[in-house]
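For reference, the chains in residue letters:
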Amino acid sequence: MSTAILTGQPVPGSSLESELRSLGFDVRLASDAADAETLLARVPGGERVAVVDARFVGHPHALRLGLTDPRFPLAAIPGAVTAQPAARRALTRAMAREGSVGGGTAVAPEGLADRIAGALDADGADLHRPELGSLVAVVPADPQARNEARQAVAAVDDEAVRLKSAVKARDGFVTTFFISPYSRYIARWCARRGLTPNQVTTASLLTALIAAGCAATGTRGGFVAAGVLLIASFVLDCTDGQLARYSLQYSTLGAWLDATFDRAKEYAYYAGLALGAARGGGHDDVWALALGAMVLQTCRHVVDFSFNEANHDATANTSPTAALSDKLDSVGWTVWVRRMIVLPIGERWAMIAVLTAATTPRITFYALLIGCAFAATYTTAGRVLRSLTRRATRTDRAAKALADLADSGPLAEAAARGLRGPARRLPGFTAPAVALLGGAAVVATAAFTDFGGPWPVAGAIVYVLTSALAVARPLKGALDWLVPPFLRAAEYGTVLVLAAKADVNGALPAAFGLVAAVAYHHYDTVYRIRGDAGAPPHWLVRAAGGHEGRTLLVTVLAVLLTASRFTVALTVLAVAVALVVLVESIRFWVAAHKAGAPAVHDEGEPA
């Protein structure tokens with residue numbers, strides 16, 4: 001329950017009290033500022049509290065945006081201010097100051113909410129003021145102004161604005177024009193029946209898993225059903241976010257489930273396609289393509305995450321390339337072309353669904369690999385140009401985030417301590433350069449030598465040393481954000497190549513499972529950093545071996561074991577990594593949710 005303190009005399013004919021109650025507030029009336037302060041003190045510390053001017057006139061959704069959004073500890077709109085438990089102290093101080101300006105006499109309650117908001121601004125509090133657009137939120141001073149405000153409220157359809165704002169402001173072409181026009185109504189239907197975004201997210205996951213099962217049948221009917229269900233899963237994937245925005249049901253756990261399930265759905269579908277190809281009439285083995293698609297897609301995401309973290313709070317951030325991008329965004333058709341060619345999830349899943357239904361898994365993977373490779377080249381090249389042409393000072397926070405994304409284990413950490421002195425004297429581009437060279441060395445030795453030979457182990461040792469040199473000093477260089485994706489490509493690529501070289505049944509599916517488990521660990525690291533929860537605990541990174549430890553271990557296993565036993569070892573390693581990272585990840589996010597961790601903002605990557 002939340003409490004709203006209504007200050008001043010209620011206006012005859014006003015529906016303000018009922019609107020506040022419909023938003024879940026217990027309404028209490030305050031005759032003056034001192035009374036409001038007394039009522040505030042009586043509200044339990046674990047409740048949200050709002051101070052609302054009784055003269056307020058506005059749309060119910062304006063009140064909802066201003067008073068119920070869980071993402072912001074402090075928020076205000078004209079005539080109303082609210083605080084979550086974490087910000088109650090700041091609100092109490094501001095109210096005490098505003099309630100004592102009368103020199104011992106009763107202070108009129110009119111305008112108290114706006115005065116408190118002004119005091120919070122003066123104190124430097126992080127006070128959120130939502131953009132209301134065409135919604136009305138005013139405190140009329142006289143009957144004429146009140147009538148004009150009520151006319152303005154009647155002139156704008158509150159529900160239409162609410163539905164429109166449920167759709168993410170920046171999204172892909174397929175999502176914007178083929179999904180959102182009707183998925184928003186599904187979101188409203190869910191809200192009116194009391195469904196939560198997390199329930200819709202889970203339904204989307206189950207639908208995608210059923211789609212993967214249909215694809216695994218290897219029949220044309222199964223492939224058609226899989227394509228249809230994959231689209232249905234994506235509609236639900238859009239709906240959960242729209243439901244969260246429509247009903248303002250944001251949560252840290254929900255953001256994690258949404259992001260994690262997106263990856264689980266897509267990669268499970270890849271596995272279903274690979275199984276279906278093997279079981280179909282042609283008995284086609286496309287596991288290498290499925291694993292390659294997962295590696296490429298994951299590395300694309302790591303590029304996005306690393307670049308954003310490196311520039312999250314960069315100062316003096318200027319770039320002619322960024323200016324050109326902004327100029328292109330001012331031309332309508334270029335906006336949609338540029339959004340489509342990066343192959344966001346809407347375009348990607350639509351392509352996969354159509355090709356699954358109409359062609360074969362092999363053709364589907366070829367198209368996916370070509371499309372993702374082009375998108376990766378386009379986005380990475382643009383970000384490299386931005387990084388080289390901008391003048392920016394990167395912070396310690398950005399350097400730490402990149403170091404956490406690197407996922408260095410005990411071997412790289414130990415070697416890095418001995419290389420810190422020499423690393424300080426090397427040029428600024430050293431980190432990404434040595435990360436790239438070391439990664440190329442281990443993948444190349446695995447690819448161009450026979451399975452079971454010693455050269456991949458030598459390449460992995462070189463990779464351990466270059467990885468250590470890459471992280472031996474803070475990652476504050478212009479291109480240091482490339483270090484994590486280079487390390488991801490090296491580890492995943494080595495596993496893929498060695499499994500392919502083993503050339504026995506089950507090796508590539510086992511490698512698929514191992515890369516999926518490790519990729520989950522890397523995605524989990526990203527989501528923790530995004531949620532300001534920090535990186536996974538150090539013991540977990542060490543227990544998982546770090547990227548360099550796992551890479552070295554896989555190459556050693558390839559030397560010591562036969563191809564069939566190597567397959568078993570990959571399977572065991574995949575299960576072990578999955579158990580360790582999943583158990584810790586689920587424990588962490590559930591605990592964060594129970595502890596009331598701040599809700600996560602919902603305007604990240606396009607759907």
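All values derive from a computational prediction rather than experimental measurement.

What counts and what doesn't
- Residues numbered from 1 in each chain as written.
- Predicted model: local features only at pLDDT ≥ 70, side-chain atom pairs only at ≥ 80, totals over all residues.
- Heavy atoms only, no water.
- Helix = DSSP H or I, 4+ residues; strand = E, 2+ residues; numbered from the N terminus.
- Rg over C-alpha atoms; globule rule 2.2 N^0.38 Å.
- Buried < 20%, exposed > 50% of the residue type's maximum accessible area, 1.4 Å probe, protein only.
- Contact = heavy atoms within 4.5 Å.
- Areas by Shrake-Rupley, 256 points an atom, 1.4 Å probe, with all protein chains shown as cover.
- Pairing = 2+ DSSP bridges.
- Axes fitted to C-alpha atoms, helices over the stretch in contact; angles between N-to-C directions.
- Expected span 1.5 Å × (residues − 1).
- pLDDT = per-residue confidence, 0-100.
- Polar contact = N/O pair within 3.5 Å; in protein donor to acceptor, adjacent residues only side chain to side chain.
- Core = buried A, V, L, I, M, F, W, Y, C linked by side-chain atoms within 4.5 Å.
- Parallel < 35°, antiparallel > 145°, perpendicular 65-115°, else oblique.
- Left-handed = near helix turned anticlockwise from the far one by under 90°.
- Nonpolar A, V, L, I, M, F, W, Y, C, P; charged D, E, K, R; others polar.
- Salt bridge = Lys/Arg side-chain N within 4 Å of Asp/Glu carboxyl O.
- Phe/Tyr/Trp six-rings, centres within 6.5 Å; stacked < 30°, edge-to-face > 60°.
- Lys NZ or Arg CZ within 6 Å of the ring centre and 35° of its normal.
- Right-handed = clockwise from strand over helix to strand, strands pointing away.
- Lys, Arg positive; Asp, Glu negative; His and termini not counted.
- Patch = residues over 30% accessible without salt bridge, like charges linked within 9 Å, V, L, I, M, F, W, Y side chains within 5 Å.

### Here's the deal with the overall build of the protein
- Within the protein one finds 25 helices and nine strands.
- For a compact globule of 607 residues, the expected C-alpha radius of gyration is about 25 Å, and the protein comes in at 28 Å, within 12% of that figure.
- Seen along its three principal axes, the alpha-carbon backbone of the protein occupies a region of about 90 × 60 × 45 Å.
- A total of 607 residues make up the protein; the buried ones form 53% of that total.
- When contacts within the protein are restricted to residue pairs at least 6 apart in sequence, those whose partners lie at least 24 apart make up 80%.
- For the protein, the exposed area adds up to about 25500 Å²; of that, 64% sits on carbon and sulfur atoms.

### Concerning the sheet that holds strand β5 (residues 74-77)
- The five strands are arranged β2-β1-β3-β6-β5 in an open sheet whose pairing can be described as mixed. Bordering the open sheet on either side are β2 (25-30) and β5, each of which pairs with just one other strand. Direction aside, neighbouring strands of the sheet carry axes that sit 15 degrees apart on average.
- Across five bridges, the pairing between strand β1 (residues 2-7) and strand β3 (residues 49-53) is parallel. The residue of β3 that forms the bridge with T3 is V49.
- Sitting on the sheet, helix α2 (residues 33-42) touches β1, β2 and β3, and the angle it makes with β2 is about 145 degrees.

### Some remarks on helix α20 (residues 455-470)
- In a regular helix each residue adds 1.5 Å, so 16 residues correspond to 22 Å; α20 covers 22 Å between its end C-alpha atoms and thus fits that length.
- Taken together, the buried residues of α20 touch α18 (410-424), α19 (430-447), α21 (483-502) and α24 (546-560).

### Overview of the confidence of the model for the protein
- For the protein, the mean per-residue pLDDT works out to 92, and 93% of the residues sit at or above 70.
- Below pLDDT 50 for its whole length, residues 602-607 participates in 26 contacts with residues either more than four positions away or in separate chains.

### Section: the environment of D237
- As for its placement among the helices and strands, D237 is situated in helix α10 (residues 220-247).
- What makes D237 buried here is its relative accessible area of 7%.
- A C-alpha to C-alpha distance of 5.8 Å links D237 and S204, two positions 33 residues apart in sequence.
- The residues touching D237, leaving out its near neighbours within four places in the chain, are S204, D258, D262, K265 and I345.
- At a separation of 3.4 Å, a polar atom in the side chain of D237 contacts the side chain of K265.

### Concerning the nonpolar core
- In terms of nonpolar packing, the biggest core is built from 112 residues, with Y270, L291, F365 and L514 touching the most fellow members.
- It is helix α22 (residues 507-530) that contributes the most residues to this core, 15 residues altogether.
- Those residues in contact with L291 that lie beyond four places of it in its chain are L496, L508, A511, F512 and V515.

### Some thoughts on the packing of helix α11 (residues 252-279) against helix α15 (residues 345-358)
- One can describe the packing of α11 onto α15 by two numbers: an axis separation of 13 Å at closest approach and a directional angle of 20 degrees. Accordingly, the angle class assigned to the pair α11 and α15 is roughly parallel. Considering how the two elements wind past one another, α11 and α15 form a crossing that is left-handed. Note on element contacts: α15 touches α11 through I345, R348, W349, I352 and T356, opposite D262, R263, K265, E266, Y269, Y270 and L273.

### A word on the packing of α15 against helix α16 (residues 361-389)
- Remark: α15 packs on α16, axes separated minimally by 9 Å, with the N-to-C direction vectors making an angle of 160 degrees. It follows that α15 is roughly antiparallel to α16 by the angle criterion. α16 is crossed by α15, and the crossing has right-handed handedness. Facing R348, M351, I352, L355 and T356 of α15, the residues of α16 in contact are T364, A367, L368 and C372.
- By residue class, the composition of the contact of α15 with α16 is six nonpolar, two polar and one charged.

### Structural notes on the pattern of salt bridges
- Inspection of every chain in the model, using the stated rule, returns 23 salt bridges.
- A salt bridge links R55 to D53; its shortest N-O distance comes to 3.0 Å.
- Taking relative accessible area as the criterion, R55 reaches 23% and is therefore assigned partly exposed.
- Overall, D53 belongs to the buried group, its relative accessible area being 1%.
- E584 serves as the salt-bridge partner of R587, at 3.0 Å between the closest nitrogen and oxygen. Of this pair, R587 and E584 are both found in helix α25 (residues 563-594), three residues apart, which corresponds to roughly one turn of the helix.
- Taking relative accessible area as the criterion, R587 reaches 46% and is therefore assigned partly exposed.

### So, the packing of aromatic side chains
- Across all of its chains, the model carries 14 aromatic pairs by this definition.
- In this structure an aromatic cluster arises from ring pairing among F173, F177, F178 and W336.
- Sitting over the ring of Y250, R71 keeps its end group 3.9 Å from the ring centre.
- Positioned over the ring face of Y246 is R162, at 3.7 Å from the centre of the ring.

### Comments concerning the pairing of β3
- Within β3, five of the five residues are buried, which leaves it mostly tucked inside the rest of the structure.
- Of the two faces of β3, the one carrying V49, V51 and D53 and the one carrying A50 and V52 are both buried.
- Both β3 and strand β6 (residues 80-83) contribute to a ladder of four bridges, which runs antiparallel. Directly across from V49, in β6, lies its bridge partner A83.

### As for the pairing of β2
- As paired strands, β1 and β2 are joined by six bridges and run parallel to one another. Bridge assignment links T3 to a residue of β2, and that residue is D26.
- This β-α-β element, β1 to helix α1 (residues 16-22) to β2, shows right-handed connectivity.

### Re the side chain of R146
- Along the chain, R146 falls in helix α6 (residues 143-155).
- It is D53 that comes nearest to the buried, bridge-free R146 among opposite-charge side chains, at 6.7 Å.
- When near neighbours in sequence (up to four residues on either side) are disregarded, R146 contacts V11, R55, F56, V57 and P140.

### A short note on unusual backbone geometry
- A positive phi angle is found at D503, which is not glycine, with a value near 55 degrees.
- By the secondary structure assignment, D503 is in the loop between α21 and α22.
- With phi around 55 degrees, D532 is a residue other than glycine that occupies positive phi space.

### Topic: a nonpolar patch on the surface
- On the surface, a nonpolar cluster with roughly 210 Å² of combined accessible area is contributed by L582, I586 and V590.
- The topology assignment puts L582 in helix α25.
- Given a relative accessible area of 34%, L582 falls into the partly exposed group.

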